Number of protein chains: 2
Amino acid sequence: MELHGYFRSSASYRVRIGLNLKGLSFEYKAVNLLKNEQRAEEYTRLNPQGLVPALVDGEQVLTQSLAILEWLDETHPQPALLPDSPTERARIRALAYGIACDIQPIQNLRILRYLQSEYGLSDEQKMGWIRHWIHEGFAALENQLHPAPFAAGDKPGLFECCLMPQIYSAERFGMDIADYPAIHRIMLACNEIPAFIEARPENQPDSTL
Amino acid sequence: MELHGYFRSSASYRVRIGLNLKGLSFEYKAVNLLKNEQRAEEYTRLNPQGLVPALVDGEQVLTQSLAILEWLDETHPQPALLPDSPTERARIRALAYGIACDIQPIQNLRILRYLQSEYGLSDEQKMGWIRHWIHEGFAALENQLHPAPFAAGDKPGLFECCLMPQIYSAERFGMDIADYPAIHRIMLACNEIPAFIEARPENQPDSTL
C-alpha cells in the first residue's frame, strides 16, 4: 500500500497510526501542503477533493481518513480498531467524530489561511481561534471518557487514532494537555506504544523538508 | 426511540432521514439552539458535548449523527444505508465525510456566532464564509459522484442523509444547486421520497416556534 500524506496533517497522521496498529507496511509518499502539491494534477488524479491523505491499494484509491480507518477495520479485522458491540462502537465513533468533525476541520491549515487572507486575522488571533475550538472539543471529551487506559478499554483504536494527532496540534499551539486529565492519561499510554511513536510527524521523511 | 434535535440542525436532519429510511418511528423532542437549550443541564445530562442530536433508545443515549447512522445500520440492517463491499462502503463514507467533516462543521451556527462576536464579521461576510466552504465542498463532490440516481446506485443511504441537510443550508444562504449538476440530480431524486420529505425542517413541530 502507498500512503500519500503530509507529516503534519492530522488526517494523514491518523491513518499512519491505524496502519501501524494493524501491523501493515506501507510506502509513504509526501505531499507538501505548504507548496500546494495537494492541488496539483498529479495528486488530484488520485483524490479529486485535493485533500490528504489518500491510500492506494493496488487499483483502489481510498480517501478521507475515517473512511480509510473503517475500511482497514473491515478488511484487516485484527487487531480491531472498534469494539464488537454496536453500542460500544457507537460510543467510540461518537468520541472520534468529536475530534474529526467538531475540532480538526475548524482549525486546519486551509481555514487558518482563509481567515488570514479574507478577514486579516493576525497570528495572535489565529492562535486564539485554534485554542478556542480545541478547548471546546477537549473539554466536552473530558466529560465522556471512562477511567480505563484507553477510550474503549485496554486497547487503543479509532478514537486514539484521532486523539493523538489532535494533541500534536494542541501542543504545537501552546496548549497544556495536563489541563485535560482524561485525555492526558490516554496520551501517556499511547506514548509508550511503537505504532504511535513511529507515526509521529517528526518521524516522517518529509518532516525535515 | 426519542430524537432530541432542532429543526434546522443539519446533524438532527440527517438522523431524521436515517430513521425514516429504516421505517423506524420515533418521538421528536425539540431542543431550541437559539435559546441555547443544548447547553442547559437538562440536555447536557443526555449529551455532555452540548450538541444536537441525541437519540435515546431505552437506557441508551447515542450522540453524533454519523455514529447514530452507523449504529442504525448495524442494529436495523434493512434497508441498508451502506453498500455491502468494503470498497464501496469506503467510497460512500468518504463522500459523506466530505460533507460531515469538510463542510458542515465550518459553517454551522456556533462558528458563525463566534466569527461575529470575536472578529466582528458582518452578516455579508458571514454569508461569504458560508458560501465559500459549501462551494469548495460541493465542487469537490461533483468530481466524485457517479451518474446513477444516488451515490451508491439505485437507493439513497448514508451519503444522501448528509447531502440533503447540506443542500437545505446552501439554499437558505442563496446558493443555486443547479450549479452542481450531479448533486442537483441526487437532490431531485430524494425530493420524491417520503422519508426525505417528512424529515425536512419545515415539517418538524419546532419549525414554527
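Note that the coordinates shown come from a computational prediction; the quantities given were computed from them, not determined experimentally. Here the residue numbering is sequential within each chain, running from 1 through the sequence in written order. Chains and ligands are labelled sequentially in the order written, the chains with letters from A and the ligands with numbers from 1. Side-chain atom pairs in this predicted model are given and counted only at pLDDT of 80 or more, local residue features only at pLDDT of at least 70, and totals for whole chains, interfaces and linings cover all residues. The basis for the side-chain values is all heavy atoms of the structure; hydrogens and waters are excluded.

Take the interface of chain A and chain B next. For interface size, the figure often reported is the accessible area lost on association. Contacts are residue-level and defined by heavy atoms, with any inter-residue pair within 4.5 Å sufficient. In this complex, chain A contributes 42 residues to the contact, which on the side of chain B involves 42 residues. Two parts placed together each lose some accessible area under a 1.4 Å probe, and the buried area is that loss summed for both. The contact between chain A and chain B buries some 3,900 Å² in all, and 61% of this surface belongs to carbon and sulfur atoms. Salt bridges are identified by distance alone: a Lys or Arg side-chain nitrogen within 4 Å of an Asp or Glu carboxyl oxygen. Taken together, the links from chain A to chain B amount to eight salt bridges. Ionic pairing is found between A:Glu136 and B:Arg39, a salt bridge with its closest N-O pair at 3.1 Å. Counting of polar contacts relies on pairs of N or O atoms within 3.5 Å, with two restrictions inside protein: one atom must be capable of donating a hydrogen and the other of accepting it, and residues adjacent in sequence are counted only when both atoms are side-chain atoms. Linking chain A with chain B are 17 residue pairs in polar contact (both at pLDDT 80 or more).

Here we take up the pairing of strand S3 (residues 54–57) of chain B. Each regular strand displays side chains that alternate between the two surfaces of the sheet. Residues and elements named next belong to chain B. When DSSP finds at least two bridges between two strands, those strands are taken to pair. Each helix is a run of DSSP H or I of at least 4 residues and each strand a run of E of at least 2, with the numbering of both proceeding from the N terminus. Relative to S3, strand S1 (residues 2–5) runs antiparallel, the two sharing three bridges. Pairing of Leu3 across the sheet is with Leu55, part of S3. Two strands pair when backbone bridges link them, and S3 and strand S4 (residues 60–63) are joined in this way by four bridges, in the antiparallel orientation. Paired with Ala54 across the two strands is Thr63, which belongs to S4. What sits between the antiparallel neighbours S3 and S4 is a turn of two residues, in which Gly58 has the positive phi angle 65 degrees.

We now examine the packing of helix H5 (residues 109–119) of chain B against helix H6 (residues 123–142) of chain B. Residues and elements named next belong to chain B. For helices, the fitted line uses only the C-alpha atoms of the stretch in contact; every axis is such a line through C-alpha atoms, and the angle between N-to-C directions lies from 0 to 180 degrees. Two numbers describe how H5 lies on H6: the axes approach to 10 Å, and their chain directions differ by 140 degrees. One element, H5, and the other, H6, form an angle in the oblique class. In this structure, H5 crosses over H6, and the sense of that crossing is right-handed. Side by side, H5 and H6 meet where Ile111, Leu112, Leu115 and Gln116 of the first sit next to Asp123, Lys126, Trp129 and Ile130 of the second. Ten residue types, Ala, Val, Leu, Ile, Met, Phe, Trp, Tyr, Cys and Pro, are classed as nonpolar, four, Asp, Glu, Lys and Arg, as charged, and the remainder, Gly among them, as polar. Classifying every residue of the contact of H5 with H6 gives five nonpolar, one polar and two charged. Angular relationships are summarised with four words: roughly parallel below 35 degrees, roughly antiparallel beyond 145, roughly perpendicular across 65 to 115, and oblique for the angles in between. Crossing handedness follows the turn of the near helix against the far one: under a right angle anticlockwise gives a left-handed crossing, and clockwise gives a right-handed one.

Next up on the list: the domain arrangement of chain A. All names here are of chain A. An automatic or database domain assignment supplies the residue ranges for each domain. One can read the domain layout of chain A as domain 1 (2–79) and domain 2 (86–197). A C-alpha centroid distance of 19 Å is found between domain 1 and domain 2. Taken together, the contact between domain 1 and domain 2 spans 15 residues of the former and 19 residues of the latter. Summing both partners gives a buried area of about 1,700 Å² for domain 1 against domain 2, and 63% of it is carried by carbon and sulfur.

Moving on, we get to the sheet that holds strand S1 (residues 2–5) of chain A. Residues and elements named next belong to chain A. On the basis of which strands lie adjacent, the open sheet formed by four strands has the order S2-S1-S3-S4 and mixed pairing. Of all the strands in the sheet, the pair left with one neighbour each is strand S2 (27–30) and strand S4 (60–63). If you compare each strand with its neighbour and ignore which way they point, the axes differ by 20 degrees on average.

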